[in-house]
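What the coordinates show
Okay, here's what each chain looks like letter by letter:
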Amino acid sequence: MSLISLRDVQFGYGGQPILHDVSLALEQGESLGILGESGSGKSTILRLMLGLARPDQGVVEADGSVLDIRSRPRMQAHRRFVQPVFQDPYTSLDPRMKVRRILTEPHVALDLPGDAGAEAARVLDAVGLPADSLDRYPRAFSGGQRQRIAIARALIARPRVLLADEPVSALDLATKVRVIELLTELARDITLVLVSHDIAIVAALCPRMIVLQQGRIVEGGATRHILRAPQHPYTQRLLASLQHMPEETP
Amino acid sequence: MRRTSLWIGAILVGINVAVALLTLVWLPYDPTAMAGGRLQPPSWAHWAGTDRLGRDYFTQVMIGARIALTVGIGAAALGGLIGTTLGVLSAFAQRGIDDALAATLDILIAFPTLLLAMLVVAASDGASLGTAILAIGIAMSAILARLVRILTKRVLAQDYITAARCSGLGWGRIVLVHVLPNIAPTVLVAIALQFGLAVIAEASLSYLGLGAPPPNASWGQLLQSAQSTVYNAPIGVIAPGLALMALVLGINFLADGLRDLLDPERGAA
Amino acid sequence: MSLLQVENLRVHGPARELVHGISFSVESGERLGLVGESGSGKSLTAMSVVGLLANGLRAEGSVLLDGHQVIGQSDRALVPLRGSVAAVVFQDPRSALDPLMRLGEQLALPIRRRARREGRALDAATLRAEQLRWLDRVSIADPERILRSWPHEVSGGQRQRVAIAMALACGPRLLIADEPTTALDVTTQAEVLDLLDDLARDEGLALLFISHDLPVVARITDRVIVMQHGRAVEEGPVGQVFTRPQDEYTRGLVAAARQLETAVRGMR
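Predicted model, so just to flag it, every value in this text is computed and none were measured.

**Describing the overall build of chain C**
For chain C, the helix and strand inventory stands at 12 helices and 10 strands. Along the three orthogonal principal directions, the C-alpha set of chain C runs to about 55 × 50 × 35 Å. Here chain C holds 268 residues, and 43% of them are scored as buried.

**Comments concerning the overall build of chain A**
Secondary structure summary: chain A contains nine helices and 10 strands in total. Overall, chain A is about 60 × 50 × 35 Å in size when its C-alpha atoms are taken along their principal axes. Going through the 250 residues of chain A one by one, you find that 49% of them count as buried. Residue pairs at least 24 apart in sequence account for 65% of intrachain contacts in chain A once pairs closer than 6 positions are excluded.

**Some details on the arrangement of the chains**
Looking at the two pairs of chains with contacts, the pair that accumulates the most is chains A and C. At the C-alpha level, the nearest point of chain B lies 15 Å from chain C, with no contact between them.

**Considering the sheet that holds strand E2 (residues 16–26) of chain A**
Residues and elements named next belong to chain A. Read from one edge of the open sheet, four strands run E2-E1-E4-E5, paired in antiparallel fashion. The sheet is open, and its two edges are formed by E2 and strand E5 (65–66), each paired on a single side. Where strand E4 (residues 57–62) lies against E5, two bridges are found, and the strand directions are antiparallel. Each bridged residue has a counterpart across the sheet, and for Glu 61 the counterpart in E5 is Val 66. With respect to the sheet, helix H1 (residues 42–50) is in contact with strand E1 (4–13), E2 and E4, its orientation differing from that of E1 by roughly 120°.

**Let's talk about helix H9 (residues 186–203) of chain C**
Residues and elements named next belong to chain C. Counted at 1.5 Å a residue, the expected span for H9 with its 18 residues is 26 Å, and the 26 Å between its end C-alpha atoms agrees. Among the residues of H9, Thr 188, Gln 189, Ala 190, Val 192, Leu 196, Leu 199 and Ala 200 are the ones counted as buried. The inward-facing, buried residues of H9 contact strand E3 (31–35), helix H8 (156–169), strand E7 (174–178), strand E8 (206–211) and helix H10 (214–220). Just beyond H9, the residue with positive phi is Gly 204, at close to 65°.

**Comments concerning the interface of chain A and chain B**
Counting residues at the interface gives 22 residues for chain A and 17 residues for chain B. Every element with two or more residues in the side of chain A that touches chain B is listed here: helix H2 (72–81), strand E6 (82–85) and helix H3 (99–109) of chain A. Here the side of chain A that touches chain B takes three residues from H3 of chain A, the largest share from any one element. Of the residues in the side of chain A that touches chain B, the class split is 11 nonpolar, four polar and seven charged.

**Quick notes on the interface of chain A and chain C**
Interfaces are often sized by the amount of accessible area the parts lose when they come together. Contact residues are listed per partner, giving 25 residues for chain A and 29 residues for chain C. Residue composition of the side of chain A that touches chain C, by class: 12 nonpolar, seven polar and six charged.

**A word on the sheet that holds strand E4 (residues 58–65) of chain C**
Residue and element names in this part refer to chain C. Strand order across the open sheet formed by four strands is E2-E1-E4-E5, with antiparallel pairing between neighbours. A single partner strand is all that each edge strand has here, and the edge strands are strand E2 (17–26) and strand E5 (68–69). Here E4 runs beside E5; their pairing, made up of two bridges, is antiparallel. When the sheet's bridge partners are listed, Leu 64 is paired in E5 with Gln 69. Sitting on the sheet, helix H1 (residues 42–49) is in contact with strand E1 (4–12), E2 and E4, with an inclination near 120° to E1.

**Section: the pairing of strand E3 (residues 32–36) of chain A**
Residue and element names in this part refer to chain A. Of all the five residues making up E3, five are buried; the element is thus mostly covered by neighbouring parts of the structure. Summarising the sheet, E3 and strand E8 (residues 191–196) pair through four bridges and their orientation is parallel. From the neighbouring strand, Leu 35 faces E8, where its bridge partner is Ser 196. By the bridge criterion, five bridges tie E3 to strand E9 (residues 208–213) in an arrangement that is parallel. Note that in E9 the partner of Leu 32 across the bridge is Arg 208.

**What about the confidence of the model for chain C?**
Residue and element names in this part refer to chain C. On average, chain C scores 90 in pLDDT, and the residues at 70 or more come to 99%. Looking at the elements of chain C, mean pLDDT is at its lowest for helix H4 (residues 93–96), recorded as 74, and at its highest for strand E9 (residues 223–228), recorded as 96. The ipTM, which scores confidence in the relative placement of chains, is 0.90 for this predicted complex, and the corresponding pTM is 0.84.

**Describing the packing of H3 of chain A against helix H4 (residues 116–126) of chain A**
When two helices pack together, their arrangement is captured by the angle between the axes and the distance separating the axes. All names here are of chain A. Here H3 crosses H4 at 120°, and the two axes come no closer than 9 Å. As far as their axial angle goes, H4 and H3 are oblique. Crossing of H3 over H4 shows right-handed handedness. Here H3 contributes Arg 100, Leu 103, Thr 104, His 107 and Val 108 to the contact with H4, which in turn contributes Ala 116, Glu 119, Ala 120, Val 123 and Leu 124.

**Here's the deal with the UniProt feature "domain: ABC transporter" (unreviewed entry) in chain A**
Here, UniProt's "domain: ABC transporter" (unreviewed entry) annotation points to residues 4–239 of chain A. Helix makes up 37% of residues 4–239 of chain A and strand 26%, and the two end C-alpha atoms of the span are 28 Å apart.

**Structural notes on the pairing of E9 of chain A**
All names here are of chain A. Most of E9 is tucked away: six of the six residues are buried. Along E9, one buried face is formed by Arg 208, Ile 210 and Leu 212 and the opposite face, lined by Met 209, Val 211 and Gln 213, is buried too. Relative to strand E10 (residues 216–222), E9 runs antiparallel, the two sharing six bridges. Bridge pairing in E10 links Val 211 to Glu 219. In sequence, E9 turns back onto E10 through a hairpin of two residues, with Gln 214 there showing a positive phi of about 45°.

**A short note on the environment of Met 47 of chain C**
Residue and element names in this part refer to chain C. Turning to its location among the elements, Met 47 is positioned in helix H1. Classification of Met 47 as buried rests on a count of 20 C-beta atoms within 10 Å. Each C-alpha atom, one on Met 47 and one on Ile 176, is 8.8 Å from the other, the two residues being 129 residues apart in sequence. Non-local contacts of Met 47, meaning those with residues more than four positions away in its chain, are made with Leu 52 and Leu 53.

**Things to note about the environment of Thr 181 of chain C**
Residues and elements named next belong to chain C. Topologically, Thr 181 is positioned in the loop between E7 and H9. For Thr 181, a count of 26 C-beta atoms within 10 Å translates into the label buried. Separated by 65 residues in the primary sequence, Thr 181 and Gln 246 place their C-alpha atoms 28 Å from one another. Excluding residues within four positions of it along the chain, Thr 181 makes contact with Gln 189, Val 192, Leu 193 and Val 216.

**Topic: unusual backbone geometry**
Positive phi outside glycine occurs at Asp 8 of chain A, with the angle close to 45°. If you trace the backbone, Asp 8 of chain A turns up in strand E1. Asp 8 of chain A gets classed as exposed once you count the C-beta atoms within 10 Å, which come to 12. The backbone of Asp 66 of chain C sits at a positive phi, close to 55°, despite the residue not being glycine.

**A look at the environment of Asn 182 of chain B**
Within the secondary structure, Asn 182 of chain B is located in helix H7 (residues 171–207). As a C-alpha pair, Asn 182 of chain B and Gly 9 of chain B span 173 residues in sequence and 23 Å in three-dimensional space. Apart from the residues within four sequence positions on either side, Asn 182 of chain B is in contact with Arg 96 of chain A together with Val 155 of chain B.

The rules behind the values
- Residues numbered from 1 in each chain as written.
- Chains lettered and ligands numbered in written order.
- Predicted model: local features only at pLDDT ≥ 70, side-chain atom pairs only at ≥ 80, totals over all residues.
- Helix = DSSP H or I, 4+ residues; strand = E, 2+ residues; numbered from the N terminus.
- Buried ≥ 20, exposed ≤ 12 C-beta atoms within 10 Å, placed from the backbone.
- Contact = placed C-beta atoms within 7 Å.
- Pairing = 2+ DSSP bridges.
- Axes fitted to C-alpha atoms, helices over the stretch in contact; angles between N-to-C directions.
- Expected span 1.5 Å × (residues − 1).
- Nonpolar A, V, L, I, M, F, W, Y, C, P; charged D, E, K, R; others polar.
- pLDDT = per-residue confidence, 0-100.
- Parallel < 35°, antiparallel > 145°, perpendicular 65-115°, else oblique.
- Left-handed = near helix turned anticlockwise from the far one by under 90°.
- UniProt positions renumbered as here; feature names shortened; annotations may be inferred.

This is the structure we're talking about:
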């Protein structure tokens, strides 16, 4: 059974179609990369998976049942099942809350088991931040550290699926590599859906991928196959557009 | 710097509040009785001289402090409450309703406070401090609502709001714990500005007989009645003018200092 | 004489020094990359060159642009240098263009300025021809439509092309590009890099290219300066610095960039 699936999903906004006939399935332990450029509809897929929007046609299924975003108990369960991480570490944390409150907020709101304070300490440790971070405001942290806090907040619900929208593209190079390492480690227990415009990030984190162009899936399958032999002209163009480091000369 | 402005503001406003409270229990002279000659210059007996009818002017300025604070606090509380509620609701409203609300607010802002005050007076028993506060508060709420609407929309677009929704928070809790604290610093300063404007607005209403009836004269009324004798007795304009300026300035300093103190992005770590 | 000669440039912020004495030069037709992470001072360095530092920032030292001292000059004195010697392309084409002006009108501004500078009369037909020529120069397929469009009506890539056309129309000899492809999609980025490459070659333009993206810098520049915390930590030919970095910080950057690349390469 798939963790999350979209079946024949259509979605539009203000009369503009954004997604056409999108079908995909996320399998346990097979992190999925959604590769697309701006306007491809990749973030919309995440919003549908999170239950923040409802498809115009088609269905979103999660954890074995159809996601009805108007049902409060169904959504509470869904919140424990999937959690998001966003792109911009500077807008994803409330500047007026200390880290402790940021981390315990979902614990309280989702009525999770265990002691909120202990859980906050657990997730903070899991993302590699010191325990004294709890009493600081977000402004005391760098972009990479903020992104770790955002990941910690997502982990508090012990979700089965982590939805990450360009989680490292706002970060500096060295920080980026370290956050990717963290996500790789987390992906052993949690299945990741990663939305990115960056093939390298998808390649580093996701064994499966789909390529999205203007609201349609143009290619999908095992990441290694697609990178080795892209079938669709658009995927070929994306790969050809990659810039490379100069070859090391012996 | 921010400490300084906080202190200056606190002192100026503090003096005003102290004087206003004092007038409830003690006054140097009976404000309605002739206490000396007409239009006397300042002296030890009469710190701000006397008015056209020979009443002690300092006593009247002291009473004015109470009126100013009452109007300011009343209008700010009313305007702040209505304005914030309307602004937040309108930020959440569907597009059509939001547009309708925005248009209504624009009309209300364009509507002269004076005309509004006359309508309020016509609808009630007659002019009083209460009608003035009501009229000014309603006018203020339209301006604040528009500001709150924009600020709220900006906060709602932040990722931490989406994260909060995914954390299972309802919209009510989101407004309470995320939206209001984040818009508060700016709204607070706007309310302080409006506070000063309210005191001034009350003065113009009083002039037209739409404010508090005598003998509880506001600074605005004092200014207006001293207008004709400004060359013979300039203290009649200077005393209430300075008092008004000190209060408005004090409130603004206080709000500025508080905003910096409340804002973790700017304050000390 | 170098086209650009920077000696011991320091940039002071309100509270502390942000760039601690950097020196370099750019010869005619040369392409220099300034590489660094956020806060390295690379953009401050570039903006100091054209005297475009934000309020509250102050530059010190010497910047000779085509022999003219930039540091300490009034804005008025710098106006003739901007455009005729050096022009700038910014990261975000959305905010670099005036949203309330049609693209054609915006492109006409530098063309008129240049004609005035060179004492040429410019009638409507000539202006039109020049507008079309510059849009053609930046490979815009339907120039007539672009001239009539508002900035929000065209894609990010097209906006950046128009911004580049505006910079070129000034007739500069040095093009300063501050992260010009960072806000663009991957495919558009590749096209804009190709375009800059062609333009630099054909027009004999010198390039000062600022970026945090090592492969992009490798694609477009010959020589590179690596900056960290307001200091130049390493300098040399791109091929050398990116394959045999000497400085510890540079080694970390290069290793990180290669690590990202191996994920893609390993699978191909």
